[in-house]
Amino acid sequence: MNGTRPRLLPALAVLVSVLVLAACGAGVGTRTGAAPVELRWYCCLGTGEQADQVKVQQAVIDKFNALHRDIKVKLEVVTYNSARDTLATQIASGNGPDVVGPVGVGGAAAFHGQWLDLGPFITSGDVDLDSYAEGTADLYRIGSVREGLPFAIYPSTLYYKADLFEEAGLAEPPHKYGEKYRWPDGREVEWNDDTLKELALKLTVDKNGKDATEVGFDPRSIVQYGFEPARDDLRYQGAAFGAGSLDSGDGKTVRIPDAWADAWRFFYDGMWKDRFIMTGPVFETDQFNGDGAAFFSGHVAMSVNFLWSTYGVAGAGTDWNLAAMPSHDGTTTSPTSADTFRILAGSKHPAEAFAFLSYLVGPASGELLSAYGAMPARTADQDAFFQKLAGQFTNTVDWQVVKDSVRYADKPHSEAYTPKYNQTLSILGTYRSRWMTKSGLDMDVELKNMRDEIQDVWDRSR
């Protein structure tokens, strides 16, 4: 990836600064004749377990080891399905690794309080946080603790099929944030969730060609849906309407953010009342479930999802493009997944671990980001990334939308830690499944019951 080589000297300067710092406190740099420090790089709480990725990761280690006689790194690959439990067991037994990743905010939150604060190393090493896209450094900040350096980001945007808009005689959604949507009659309106809903109704079509706004529309024979939200996690879905947290701020009281409640009502009513979003049973059918994402089926006009959806979006045809996220109550939010590398607080060699981490997000970042298919957080590297990504498709895609979406990332992050993290996720998953499969629910009652169930779990933890 272009831009890797020019970063080598600044990155190495950081490594030297870190090792000099360590030499003053831990004796690193004065170990002539001593055995090298051994570090373990633990993968894969996120991506990284595929054979071609493991090959790249090992090549990165080999290069690092060749440059550092006093540090030797070993790669430890545990498949994603087992990685969380295995890491928990290692930590509990006092045999935790040094560097972990790539791992997202949610994966890291499952081990809340066990990550090293990189702040002192960042300050002493004079790490340039301004080289990263605006706001990305804060994605890894938990209170005053900096758990990671920006590395890979996946903003959310609105995917849409231009041919379906043309067929319906509708203008495409805005690509630039702040622009209004223009209806065929010349009327200009805010690009928000209300406008999206109005469009989605017109773009939901039954087998007889009637849309959801027309008399005689048959919701039992829908062949094209107007909208598909990111439905795999209710927190992502809520954050599309506004950033928030279930933690009211005191670490013990549950509060459902108003924006999340609005988003969940939008989701539920869209499935069972307004019919522009498919229900759970429909979502699971071969006709609409295109390799795990409904938009890939080609029968969905609009969908909110992360950048990584490009892995299967070609299934939607050659007419898809990207648009700006709609606003809600005047606020625009792009839920953004963010992966990086972290150091366990229990590492016996934190300075050397930070030197290796700096190498991963610095000189080695081009190779790793390419292997992971991830958007660089460093702005200077983004054009090269999108140029390469564009080569995978025959249609012209407005990748600038993705870059612009970064500044609207959800802060606080939707995956951020809450008390009883895993139990809380389990409750959210239960309600998600219930809403997708059962009609006629009172959402006010549902939200109250959800809050009470989560609160009960939190109360029992004290």
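Residues numbered from 1 in each chain as written. Predicted model: local features only at pLDDT ≥ 70, side-chain atom pairs only at ≥ 80, totals over all residues. Heavy atoms only, no water.

A. Representation of the pattern of salt bridges in the model. Inspection of the entire model under this criterion finds 23 salt bridges. Note that E228 and R231 form a salt bridge whose closest N and O atoms lie 2.6 Å from each other. A relative accessible area of 3% means that E228 is categorised as buried. Assessed through its relative accessible area of 4%, R231 is described here as buried. Residues participating in the shared-partner salt-bridge network are K161, D163 and D319. (Salt bridge = Lys/Arg side-chain N within 4 Å of Asp/Glu carboxyl O. Buried < 20%, exposed > 50% of the residue type's maximum accessible area, 1.4 Å probe, protein only.)

B. Broad picture of the sheet that holds strand β13 (residues 320-323). Taken together, five strands build an open sheet; the order of strands is β10-β11-β12-β7-β13 and the sheet is mixed. Two strands in the sheet have a free side with no partner beyond their single neighbour: β10 (205-206) and β13. (Pairing = 2+ DSSP bridges. Helix = DSSP H or I, 4+ residues; strand = E, 2+ residues; numbered from the N terminus.)

C. Structural context of the packing of helix α15 (residues 421-437) against helix α16 (residues 443-460). Look at α15 against α16: their axes get within 10 Å of each other, and the N-to-C directions meet at 160°. The orientation of α15 with respect to α16, classified from their angle, is roughly antiparallel. Pair α15 / α16 crosses with right-handed handedness. On α16, the residues that touch Q423, T424, I427, L428, Y431, R434 and W435 of α15 are M443, E446, L447, N449, M450, E453, I454, V457 and W458. The residue inventory of the contact of α15 with α16, partitioned by class, reads 10 nonpolar, three polar and three charged. (Axes fitted to C-alpha atoms, helices over the stretch in contact; angles between N-to-C directions. Parallel < 35°, antiparallel > 145°, perpendicular 65-115°, else oblique. Left-handed = near helix turned anticlockwise from the far one by under 90°. Contact = heavy atoms within 4.5 Å. Nonpolar A, V, L, I, M, F, W, Y, C, P; charged D, E, K, R; others polar.)

D. Structural context of helix α2 (residues 51-67). Given a rise of 1.5 Å per residue, 17 residues ought to cover 24 Å, and the 25 Å separating the end C-alpha atoms of α2 matches this to within 8%. Looking at the buried residues of α2, the elements they touch are β1 (37-43), β2 (71-77), β3 (99-103), α11 (350-361) and α12 (365-372). (Expected span 1.5 Å × (residues − 1).)

E. How the structure looks around the state of the cysteines. A full pass over the atoms with the stated rule returns one disulfide. Residue C43 pairs covalently with C44 via a disulfide, S to S 2.2 Å. Between C43 and C44, the S-S torsion sits near 100°, and that sign places the bridge as right-handed. Comparing C43 with C44 shows no difference in burial state: the two are buried. (Disulfide = S-S within 2.5 Å.)

F. Here's a closer look at the pairing of strand β7 (residues 156-161). Of all six residues in β7, six are buried; the element is thus mostly enclosed. Note: β7 against strand β12 (residues 300-306), five bridges, orientation antiparallel. Across the sheet, L158 pairs through a bridge with V304, a residue of β12.

G. Spatial organisation of the side chain of S327. Structurally, the position occupied by S327 is in strand β14 (residues 327-328). Among the residues examined, S327 registers a relative accessible area of 11% and is labelled buried. The contact partners of S327, leaving out residues within four places of it in the chain, are W191, N192, D193 and T332.

H. Quick peek at empty space enclosed by the protein. Overall, the coordinates contain five cavities of 30 Å³ or more when judged by the stated rule. Here the largest cavity defines a volume of roughly 210 Å³. As for the largest cavity, its lining consists of 19 residues, and the residues nearest its centre are F227, Q237, A240, F241 and V304. Listing elements by their share of the lining of the largest cavity, those giving two or more residues are α7 (193-202), α8 (234-239), α9 (258-272) and β12. Ranked by the residues each element gives to the lining of the largest cavity, the list is headed by α9, at three residues. Grouping the amino acids of the lining of the largest cavity by side-chain chemistry returns 15 nonpolar, three polar and one charged. (1 Å grid on protein atoms, 1.4 Å probe; cavity = no way out; pocket = protein on both sides within 12 Å on 5 of 7 lines; lining within 4 Å. Points joined across faces, edges and corners; volume = space filled by probe spheres on them.)

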